[in-house]
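# Summary of structural features
Here is what each chain is made of, one letter per residue.
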Amino acid sequence: MSKIKPKECQNVEFKSSWNDKYLEWICGFANAQGAVMYFGVNDDHEVVGLKNTKKLLEDIPNKIVNYLGIVVDVNLCEQDGLEYIEVVIEPSNVPISYRGKYYYRSGSTMQELNGASLQQFVLKKMGRSWDDVTFDRAKLDDIDRDAIDYFLRKGINAQRIPEDQLNAPTVDVLTSLGLMDEDGGLKNAAILLFGKKPQRFFPSVIFKIGRFGRNDADLMFQDVIEGNIIQMADHVMDALQGKYLVSPIRFEGMNRIERLEIPKEALREVL
């Protein structure tokens, strides 16, 4: 049995026969990087042939248009007297659904998107990200000026912000960082970075720390740290140094040296 040489493509799939369930696959490929699918070809690239190819050449593109709303190239191919079908799927710049569900090809798996992953996917397809969306319920009073000052001092000390910006108005700082929309509304990122209580708007924005003993079930103690992202890193570092990590003592000559079991630089990089 002869084999075919597939077109060069990041994703190539081989199916021995056609089944309407493969509309989910086409949906997932269109939402991802596109693909080429061969029907009538097994996983070893061997042509096994299809029956009723004339009917399939009508049914496949019609079903794709009716159920997915996209147009793909459907080609009839022949090798050694056996006919097979090639379907070329281009990546879509808008979200594609099949029967109200959204599928996405990731690695070698076909995943159904829902919840937060679906929201993020739709926003990305529309050229936006979640943190760039305006949050109508948040007002300027929900921004912590202490967090703004903390950010400005850090930037000035790092020589990334001019010293004369230390007392810049909150609106000016947020606008220069792109954290407000054209109408003065706060974006999600503004609340996460500088909010007084970001968890009031986004309950899952917390940092959990735990120390385990002999195994994963042996949780010795834990903490939940809340607050804005700008200041959270310092709060987490304080908790780690004060409660969770040890500083073994060693001596070099007459000098006593205490260093964290994990270097501070590594911890900050992780955070």
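The rules behind the values
- Residues numbered from 1 in each chain as written.
- Predicted model: local features only at pLDDT ≥ 70, side-chain atom pairs only at ≥ 80, totals over all residues.
- Heavy atoms only, no water.
- Buried < 20%, exposed > 50% of the residue type's maximum accessible area, 1.4 Å probe, protein only.
- Helix = DSSP H or I, 4+ residues; strand = E, 2+ residues; numbered from the N terminus.
- Contact = heavy atoms within 4.5 Å.
- Pairing = 2+ DSSP bridges.
- Axes fitted to C-alpha atoms, helices over the stretch in contact; angles between N-to-C directions.
- Salt bridge = Lys/Arg side-chain N within 4 Å of Asp/Glu carboxyl O.
- Phe/Tyr/Trp six-rings, centres within 6.5 Å; stacked < 30°, edge-to-face > 60°.
- Lys NZ or Arg CZ within 6 Å of the ring centre and 35° of its normal.
- Core = buried A, V, L, I, M, F, W, Y, C linked by side-chain atoms within 4.5 Å.

The subject of this paragraph is helix H3 (residues 115-125). Those residues of H3 that fall on the buried side of the exposure criterion are Phe121, Leu123 and Lys125. Each element contacted by the buried residues of H3 is listed here: helix H1 (22-31), strand S6 (101-106) and strand S7 (109-113). Within two residues after H3, glycine 127 carries a phi angle of roughly 80°, on the positive side.

Moving on to the sheet that holds strand S1 (residues 12-15). Ordered by their spatial adjacency, four strands build an open sheet running S1-S2-S4-S3, and the pairing between neighbours is mixed. Two strands close off the open sheet at either side, each with one partner strand: S1 and strand S3 (73-79). Each strand axis lies, on average, 20° off the axis of its neighbour in the sheet, ignoring direction. Where S3 lies against strand S4 (residues 82-89), seven bridges are found, and the strand directions are antiparallel. Across the sheet, residue aspartate 73 finds its bridge partner in S4, namely valine 88. Across the sheet, H1 is in contact with S1, strand S2 (35-39) and S4; its angle to S2 comes to roughly 160°.

A separate point is the pattern of salt bridges. Using the criterion set out here, one finds twelve salt bridges in the structure. Linking aspartate 142 and arginine 200 is a salt bridge whose minimum nitrogen-to-oxygen distance equals 2.6 Å. Here the residue aspartate 142 occupies a position in the loop between H3 and helix H4 (145-157), and arginine 200 occupies one in the loop between helix H6 (188-194) and strand S8 (207-212), the gap between them amounting to 58 residues. For aspartate 142, a relative accessible area of 16% translates into the label buried. Of the residues examined, arginine 200 reaches a relative accessible area of 52% and is grouped as exposed.

Our focus in this paragraph is the packing of aromatic side chains. Geometry of an aromatic ring pair is reported as the spacing of the ring centres plus the angle between the planes. All chains considered together, the criterion is met by twelve aromatic pairs. A centroid spacing of 5.8 Å and a plane angle of 50° characterise the contact between tyrosine 22 and phenylalanine 39, whose relative ring orientation is tilted. With tyrosine 22 in helix H1 and phenylalanine 39 in strand S2, this residue pair connects regions lying 17 residues apart in the sequence. Classification of phenylalanine 39 as buried rests on a relative accessible area of 0%. For the pair phenylalanine 151 and phenylalanine 194, a centre-to-centre distance of 5.6 Å together with 75° between the ring planes defines the contact as edge-to-face. Taken together, the positions of phenylalanine 151 in helix H4 and phenylalanine 194 in helix H6 put the pair 43 residues apart, joining distant regions of the chain. Looking at phenylalanine 151, the relative accessible area reads 21%, which means it is partly exposed. Through successive ring pairs, a cluster of aromatic residues spans Trp18, Tyr22, Trp25 and Phe39. Over the ring of tryptophan 25 we find lysine 15; its NZ or CZ atom is 3.9 Å from the centre of that ring.

Next up on the list: the nonpolar core. Of all hydrophobic cores here, the largest spans 24 residues; its most connected members are Ile64 and Val87. Elements with a minimum of two residues in this core: H1, S2, helix H2 (53-68) and S4. Every residue in contact with isoleucine 64, bar those within four places of it in the chain, is listed here: Leu23, Ile26, Gly69, Ile70, Val72 and Val87.

Take the environment of asparagine 62 next. Turning to its location among the elements, asparagine 62 is positioned in helix H2. Residues asparagine 62 and methionine 126, spaced 64 residues apart in sequence, show a C-alpha to C-alpha distance of 26 Å.

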